[in-house]
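# Coordinate analysis (summary)
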Amino acid sequence: MARILVIGGGTAGTAAGLALRKAGFEVTVHEAHPTAAEDIGAFLTLASNGMRALAQIDASAAVTATGFELTALSVLDGTGAELANRPLAGADDPLLRYRCLRRGELNAALQAEAVRRGVDVRHGARLVSVEAGPDAVTAHFTDGGTATGDLLVGADGLNSAVRHSFAPDTRPAYAGERVFYGYTTEAPVTEGTGRITLIRGSAAAFGYAVSPTGETYWFARVTGEPLPPGDLADDTPDRWRELLLPLLRRDATPAAGIVAATTDSIMVTHATEMPPGASWRTARTLIIGDAAHAASPATGQGASMALEDAVVLAKALRDAPNIDKALTAYESLRRSRVEHNIAVSGQISRRADSPAGPAVATPPPTEDELLRHLAWDTDVWTLARDA
Ligand SMILES: Cc1cc2nc3c(=O)[nH]c(=O)nc-3n(C[C@H](O)[C@H](O)[C@H](O)COP(=O)(O)OP(=O)(O)OC[C@H]3O[C@@H](n4cnc5c(N)ncnc54)[C@H](O)[C@@H]3O)c2cc1C
């Protein structure tokens, strides 16, 4: 039985731990943060494809115990007029319904489930270097500790140390917009829970959803230059509110009222994306999730893509005759899908008419093909060989 080291206990890493365990591997997850509750600030929406991936690794219940479901979407223009109002994909299936939750809650739920199933999750283990040998790979940690396995999976996010170990020149780039997000219980919105509203404002793309306890989760994406270095670390909600409000007050929508009602929970980050075509692997090392294919958040697919990665990787290692063939199969099934998402999301972030980079060479999998890639019982080695 292969021993697999997963570096990073975020969405990609803990889901990979669960999936690899289900596929019969001995797996250890090494997370730099000392506790499970890292990055409580940001929230995200898991789409029906991410929920489908979770169902393949029997982790739906663990995740639906936290956050709240979304079943409908409204789209407004800058005048507040409704452009669309429809059910979200998967709305009629409790396992596939969109879910809105804080990123820290998602990771904590997945980590607890992994531990419950016997996955060894080690906190406070920050990888510093990777030593590859002909028969094994060794991870070195900041505390001087080491771990050795047959394969090392880097799920260590945007600034991946694992990626740096074999592709030091590959870095995420600014994707053209600043992303603000926040929470308030004082917002003057009247609709109930279960709906996400997207607003195509004249100066910002805005979105909000109300939790069952009446808390409004919101984000605002503002196209433009990156904030000056150092500003992202400036934890000043008043400043972000004053920066956003004039942009949102240009429109007759609920956005400005929601932000005005938000007192201390406003955060900002840059949208970033990985360049297409970058290397994902060496003989015994592979990167997944944001480490490999971070995309701007415009399509809201980063965490769902990370969950899909985990399922397809575990199946590839289960079904292929050896690690090299498994990683080749994994990459052939995943690259076009995630790079298509990077291109589409970046185009939305830049409010551009066409993608910034070269066209993705291979078309992404169709809906039916994706279902086969994810379904736990299909043999992905055969699917990749026949593709
Ligand atoms: C503002 C914003 C909004 C977003 N909204 C959405 C959304 O609505 N829907 C969606 O699907 N996605 C969304 N995303 C994207 C989503 O958050 C990411 O794609 C997803 O969290 C990636 O998961 P990951 O596990 O690959 O990386 P991460 O979540 O970054 O996890 C990496 C983990 O590795 C650990 N780590 C880092 N370095 C080391 C090291 N050297 N050694 C050991 N451990 C290490 C970190 O502590 C962390 O726990 C959004 C992103 C942003 C920025």
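Because the structure is predicted, anything quoted here is derived from the model rather than measured. (Residues numbered from 1 in each chain as written. Predicted model: local features only at pLDDT ≥ 70, side-chain atom pairs only at ≥ 80, totals over all residues. Heavy atoms only, no water.)

### Details of the overall build of the protein chain
Helix and strand counts for the protein chain stand at 12 helices and 18 strands. Taking the principal axes of its C-alpha atoms as reference, the protein chain extends roughly 60 × 45 × 45 Å. Counting all 387 residues of the protein chain, 55% fall into the buried class. When the accessible area of the protein chain is evaluated, it comes to approximately 16,000 Å², of which 51% is carbon and sulfur surface. Of note, the protein chain has its 35 positive side-chain charges centred 2 Å away from the centre of its 46 negative side-chain charges. (Helix = DSSP H or I, 4+ residues; strand = E, 2+ residues; numbered from the N terminus. Buried < 20%, exposed > 50% of the residue type's maximum accessible area, 1.4 Å probe, protein only. Areas by Shrake-Rupley, 256 points an atom, 1.4 Å probe, with all protein chains shown as cover. Lys, Arg positive; Asp, Glu negative; His and termini not counted. Charge placed at Lys NZ, Arg CZ, Asp CG, Glu CD.)

### Overview of the domain arrangement of the protein chain
Examined at the domain level, the protein chain breaks down into domain 1 (3-66 + 101-171 + 274-386) and domain 2 (173-273). For domain 1 versus domain 2, the distance between C-alpha centres works out to 28 Å. In this complex, domain 1 contributes 21 residues to the contact, which on the side of domain 2 involves 25 residues. Buried surface at the junction of domain 1 and domain 2, both sides included, amounts to about 1,600 Å², of which 49% is carbon and sulfur. Between domain 1 and domain 2 we count two salt bridges in total. Measuring nitrogen to oxygen at the nearest pair gives 2.3 Å for the salt bridge that ties R350 to E273. For the side of domain 1 that touches domain 2, the secondary-structure elements that each account for two or more residues are strand 3 (43-46) and helix 10 (323-349). By residue number, the principal contributor to the side of domain 1 that touches domain 2 is helix 10, which donates four residues. Considering only residue class, the side of domain 1 that touches domain 2 consists of 12 nonpolar, five polar and four charged. (Domains from an automatic or database assignment. Contact = heavy atoms within 4.5 Å. Buried area = accessible area lost by both parts, 1.4 Å probe. Salt bridge = Lys/Arg side-chain N within 4 Å of Asp/Glu carboxyl O. Nonpolar A, V, L, I, M, F, W, Y, C, P; charged D, E, K, R; others polar.)

### Details of the pairing of strand 5 (residues 72-77)
Most of strand 5 is tucked away: five of the six residues are buried. Alignment of strand 5 against strand 6 (residues 82-87), held across five bridges, turns out to be antiparallel. Residue pairing for strand 6: A72 is matched across the bridge by P87. Hairpin connection between strand 5 and strand 6: a loop of four residues separates the two successive antiparallel strands, and G80 in this loop has a positive phi of roughly 90°. (Pairing = 2+ DSSP bridges.)

### A word on the side chain of T262
Inspection of the secondary structure assignment puts T262 in the loop between helix 7 (255-260) and strand 17 (266-273). Of the polar contacts made by the side chain of T262, one reaches the side chain of W218; its length is 3.0 Å. Excluding its chain neighbours within four sequence positions, the residues that come into contact with T262 are Y183, T184, W218 and R241. (Polar contact = N/O pair within 3.5 Å; in protein donor to acceptor, adjacent residues only side chain to side chain.)

### Digging into the site of the ligand
Lining the immediate surroundings of the ligand are 31 residues, of which A12, E31, T45, D290 and A303 lie closest. In the complex, 86% of the free accessible area of the ligand, which totals 1,000 Å², lies under the protein chains. Among the secondary structure elements, those contributing two or more residues to the shell around the ligand are helix 1 (11-22), strand 2 (26-31), strand 3, strand 13 (173-184) and helix 9 (302-319). Residues from two domains meet in the shell around the ligand; each of domain 1 (3-66 + 101-171 + 274-386) and domain 2 (173-273) gives at least three. (Near = heavy atom within 4 Å.)

### So, the pattern of salt bridges
If the charged atoms of two oppositely charged side chains come close together, the side chains can form a pair. Under the counting rule described, the total for this entry stands at 19 salt bridges. A salt bridge links D120 to R122; its shortest N-O distance comes to 2.7 Å. Note that E339 is salt-bridged to R335, the shortest N-O span being 2.7 Å. Here E339 pairs with R335, and both are found in helix 10, just four residues apart, close to one helical turn.

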